[in-house]
Amino acid sequence: TRIGKIDVKGAFIQTEMEGPPIYIKIAPETKKLIVDLLPAIKKYVTPEGILYCQLLKALYGCVQASKLWYNKLTKFLRSLGYEASPTDPCVMRKIV
């Protein structure tokens, strides 16, 4: 029996968002940096000086980020022949 574990760096930010769009309000300091680097973005700044961005990838702290990552990972592992343990669906196994 071989058992292994992995740590995927930046797992959540590799995961596409699903469901209704989610927008984040960019901090004023960050907004200034973005507009300085990409002047074309200025047209998206509100009259109050606020920049909102739609999340295309999950971020740490998003309520659904963990579930989205779990779905992506299990889909990939199932494509390799792994299956979820009947007693713990977070444990994937491959019986050969």
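This report concerns the structure included in the present document. Predicted, not measured: the structure shown is a model, and the values here were computed from it. (Residues numbered from 1 in each chain as written. Predicted model: local features only at pLDDT ≥ 70, side-chain atom pairs only at ≥ 80, totals over all residues. Heavy atoms only, no water.)

## Description of the state of the cysteines
- Under the criterion given, the structure shown has 0 disulfides.
- Lacking any disulfide linkage, Cys-90 is separated from the closest cysteine sulfur, that of Cys-62, by 19 Å. (Disulfide = S-S within 2.5 Å.)

## Some thoughts on the nonpolar core
- Ala-11, Phe-12, Met-17, Leu-55, Ala-58, Cys-62, Ala-65, Leu-68 and Trp-69 form the largest nonpolar core, which has 9 residues in total.
- Those residues within four positions of Ala-65 in sequence are excluded, and the remaining contacts are Phe-12, Ala-58 and Leu-59. (Core = buried A, V, L, I, M, F, W, Y, C linked by side-chain atoms within 4.5 Å. Buried < 20%, exposed > 50% of the residue type's maximum accessible area, 1.4 Å probe, protein only. Contact = heavy atoms within 4.5 Å.)

## Quick notes on a nonpolar patch on the surface
- Judged by side-chain polarity, Ile-13, Leu-59 and Tyr-60 come together as a nonpolar surface patch covering roughly 300 Å² of accessible area.
- For Ile-13, a relative accessible area of 45% gives the class partly exposed. (Patch = residues over 30% accessible without salt bridge, like charges linked within 9 Å, V, L, I, M, F, W, Y side chains within 5 Å. Areas by Shrake-Rupley, 256 points an atom, 1.4 Å probe, with all protein chains shown as cover. Salt bridge = Lys/Arg side-chain N within 4 Å of Asp/Glu carboxyl O.)

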